[in-house]
Amino acid sequence: MRIAVIGQSLFGQEVYKELRKDGHTIVGVFTIPDKDGKADPLATEAEKDGVPVFKFPRWRLKGQAIQEVVTQYKATGAELNVLPFCSQFIPMEVIDHPRHGSIIYHPSLLPRHRGASAINWTLIHGDKKGGFTVFWADDGLDTGPILLQRECDVEPNDTVNTIYKRFLFPEGVKGTVEAVRLIAEGKAPKITQPAEGATYECIQKKDNAKIDWNQSAEALHNWIRGNDKVPGAWAEVDGQKVTFYGSSLVDNGTAVNGQPLEIPGASQPGIVTKSGLVLFGNDGKTLLVKNLQFEDGKMIAAAQYFRSGSSAAVELTEEEKTFAVQMRAVWQSILSNVSQIEDSTDFFKSGAASMDVVRLVEEVKLRASSCQLQNEDVYMNTTFQDFIQMCVRKLRGEDDEEELVVDYVEKNINNMTIKMPHQLFINGEFVDAEGGKTYKTINPTDGTAICDVSLAQISDVDRAVAAAKEAFEEGEWGKMNPRDRGRLIYRLADLMEEHQEELATIEAIDSGAVYTLALKTHVGMSIQTFRYFAGWCDKIQGSTIPINQARPNRNLTFTKKEPMGVCAIVIPWNYPLMMLAWKTAACLAAGNTVVLKPAQVTPLTALKFAELAARAGLPKGVINILPGSGALVGQRLSDHPDVRKLGFTGSTEIGKHIMKSCAVSNVKKVSLELGGKSPLIIFSDCEMDKAVRMGMSSVFFNKGENCIAAGRLFVEDSIHDLFVQKVVGEVKKMKIGDPLDRSTDHGPQNHKAHLDKLVEYCQTGVKEGATLVCGGRQVQRPGFFFEPTVFTDVQDHMYIAKEESFGPVMIISKFKSGEVDDVLRRANATEYGLASGVFTRDISKALYVSERLNAGTVFVNTYNKTDVAAPFGGFKQSGFGKDLGKANYLSVDFICQNLSHLYLKQSSTVFFRL
């Protein structure tokens, strides 16, 4: 058809584009004149296509059509007028002129909410259903016959902007185009609007948007959101007109703490809190307002009301000055009507509109990806100077709106001052546990208390899960563009790198890890993990599946990978930060939210991580950290009905219990990385010095507190004695001592109970007849130190041959030369299957052995060489599911609801060093 498009705005632009795609001929576009030298988006699009564009300031004068205008319109020969959004009064001789008449888009379910402020009144009246109507224009006001309607749910905290973006804009474009399609096919109905239920409300303007405080909290909330952002609900506060934005209803069971604010006419004073301004209805119930705007146009976060204008300007670094120069050029390109951008130039007073705000936010992302702006940030910082100051504060992690209060425990140690949070981290805040309960975390180097740490209770778990659920379902995290999510995770990795020495020091005093190892592995690999998964955020994708019914019925089948929701993570004490990173990074990359329980004996790096995550800009509720006991916190997470996935690293016994609880509660998905008794086979044709060095590392790395540690070494008999001799010689050279001493090789065991178990373990080995070559005793000094230990002559039936020590204990057994299959049988004769290794110069033998070792990871001529890109996990009673690597995105692992690998044996990872 030959169509005339009469209207304006981005909505009109999109309708115009879709009509052209449908094959219609647009004979003319009739829109508003340029404003401040800028053409309307509809005009810009049409001019680009060479379509005639008419920019009439008006169609009528003193109630009569302007004939010159009507004549130009009629000359286009339109068969149908489409009015997607039109602010001008169009004469009836134009409306009735085309053969098919005129259709109009209206953003309400007619006959309800006739008039120009239909969306506003849908919200003001608290309608549960909203939508739009495409109707045939007549000489009344939105009274013409209905052609098409579509409805949607109105969410409790919708604003004009959110419901427009979510439904009225995208579905309205589709509906308008569908209406034209029905007309072209001769199938368009004309349904008379019913008289019942018809309403007409006035146009909402600033002068009639004043708040009447004598209403319920829900009515106040509806009035504020119904006027958000235009024209803006306002009231007199402190003698000036203040406009309220970003309203939401509040759980009235929550205690409100803050500074009172007198509001004339209100039933009681408002309260300025960390979250915003709490207001009260005449029913005693509450609502929360996020932002306030003053008469001079300045917008602030409501939480900053008593501090507005109090922050001093920050001095820019050279790099920040370069950023400011770049942004001045961006402002100049947007505000082309302004000759020069001064510090005092006001973005909106210079003619910027809402689309310019969107562009400005995107321009900032291009130049500083870690500066994640929201549209409100621009509205709150309208002058160029304020805008730059705001951007710089965000880049430095000093954004006042998200002020983080941390009650640090500070210690001067390792030539630095470390600052350690010690409270629970729930919904973006450090808080005390219920009842103020605490416990002491102990430094294993000397057995002294580091600090008191909040001890989470069941109610704290419930609060954390609720916060994580809300952040996933209602917050910005689940709706965030994957690339923006990746930028935040990468920013978190950068902050961890900036604090790596502090993190490594905390790890050393809390877990006993040697500082140099903590710096390289505990912290270093954690940073690598977050960076790796930051890159995966926008690469999670499903697949299209050819099916039998694809043709001729035009059926399409595809899979989607979706985040699960709230994921619980329970981690051990041997690698406190690294285990957190392995599980949390992948979880966040897919858009899930996290409730994490660190080991009770090593909570401090997890709490420091929470601080850095908040400073990186991760939204509230996305990460929650709960130090506490496994029996209480871990059990509640296993049982909780709102947790959709639980990842656990720890003992097989506890893993079985968790799996049972997860099944009984709500059949939540589980991934388990459990115990191990990893065999290392050393053949006589190995490179001896490397085998000794790597064999030592396989057992004594991280004091033996290593899930993939070689729990049993099988050494070919012809080299057995030489191997043992060399190992013992190296063991005697190891320096046992303070983990912060750079020359220390071997630090303390993690905690006293574990030390006692190691002593008992070695005593059992001696009683069974194994030969204790060296070690086997607690070191006589303060702290939890245990000597590196070597046993030989270990027989297959012995306890120490079957059970892991999880400590610095090397278990050596002989095997006869040439009996490869027999040593494989012995190596696989365990219910564990986490890791394994083989040393040989014979590549064929290496491949033969690696293929037959039943373990999730096989090391060939190396050991402990994990990498963030390589999947990691075990077989049999060592658990199931993979951490790290692309496998996280292809399996039923942490991330996505997808069934790949569900019925397949898990693949092994082989690290092969030639």
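Residues numbered from 1 in each chain as written. Predicted model: local features only at pLDDT ≥ 70, side-chain atom pairs only at ≥ 80, totals over all residues. Heavy atoms only, no water.

K.L.:
Provide a residue-level description of the packing of aromatic side chains, including the pertinent values.
P.N.:
Following the criterion strictly, the structure yields 30 aromatic pairs and no others. Their ring planes at 35 degrees and their centres at 5.9 Å tell us that Phe54 and Phe56 sit as a pair that is tilted. Judged by relative accessible area, which is 16%, Phe54 ranks as buried. Joined through ring pairs, the aromatic side chains of Phe11, Tyr105, Phe132, Tyr164, Phe167 and Phe169 make up one cluster. Here the basic side chain of Lys190 rests over the ring of Trp136, its NZ or CZ set 4.5 Å away from the ring centre. A cation over a ring is seen here: Lys845 above Phe683, with NZ or CZ 4.5 Å from the ring centre. (Phe/Tyr/Trp six-rings, centres within 6.5 Å; stacked < 30°, edge-to-face > 60°. Buried < 20%, exposed > 50% of the residue type's maximum accessible area, 1.4 Å probe, protein only. Lys NZ or Arg CZ within 6 Å of the ring centre and 35° of its normal.)

K.L.:
So what about the environment of Phe472? Which residues, and what values?
P.N.:
With respect to the secondary-structure elements, Phe472 resides in helix 13 (residues 458–473). Separated by 91 residues in the primary sequence, Phe472 and Pro563 place their C-alpha atoms 9.3 Å from one another. Setting aside anything within four residues of it in sequence, one finds Phe472 in contact with Gly478, Pro563, Met564, Gly565, Gly591, Asn592 and Thr593. (Helix = DSSP H or I, 4+ residues; strand = E, 2+ residues; numbered from the N terminus. Contact = heavy atoms within 4.5 Å.)

K.L.:
Now, about the pattern of salt bridges: what can you tell me, with residues and values included?
P.N.:
Counting across every chain of the model gives 51 salt bridges. We note a salt bridge from Arg367 to Glu363, for which the minimum N-O separation is 2.6 Å. Here the residue Arg367 and the residue Glu363 both occupy positions in helix 10 (residues 354–367), the gap between them amounting to four residues, near one helical turn. In this structure, Asp538 engages Arg483 in a salt bridge whose closest nitrogen and oxygen atoms are separated by 2.9 Å. In this pair, Asp538 is assigned in the loop between helix 17 (515–534) and strand 23 (544–545) and Arg483 in helix 15 (residues 482–498), connecting sequence segments 55 residues apart. Among the charged side chains, a salt-bridge network with shared partners connects Glu362, Lys365, Asp484 and Arg487. (Salt bridge = Lys/Arg side-chain N within 4 Å of Asp/Glu carboxyl O.)

K.L.:
Now, about empty space enclosed by the protein: what can you tell me, with residues and values included?
P.N.:
Scanning all chains against the criterion turns up four cavities of 30 Å³ or more. Its boundaries defined by the atoms lining it, the largest cavity holds a volume of some 100 Å³. As for the largest cavity, its lining consists of 15 residues, of which Ala709, Ala710, Gly711, Ser805 and Phe806 are closest to the centre. Counting only elements with at least two residues in the lining of the largest cavity, the list comes to strand 31 (710–716) and strand 34 (809–815). Its residues assigned to classes, the lining of the largest cavity shows seven nonpolar, six polar and two charged. In this structure, the second largest cavity occupies an estimated 50 Å³ of space. Lining the second largest cavity we find Phe425, Gly428, Ala613, Ala614, Leu618, Pro619, Lys620, Gly621, Val622 and Ile623. Taken together, the residues of the lining of the second largest cavity break down into seven nonpolar, two polar and one charged. (1 Å grid on protein atoms, 1.4 Å probe; cavity = no way out; pocket = protein on both sides within 12 Å on 5 of 7 lines; lining within 4 Å. Points joined across faces, edges and corners; volume = space filled by probe spheres on them. Nonpolar A, V, L, I, M, F, W, Y, C, P; charged D, E, K, R; others polar.)

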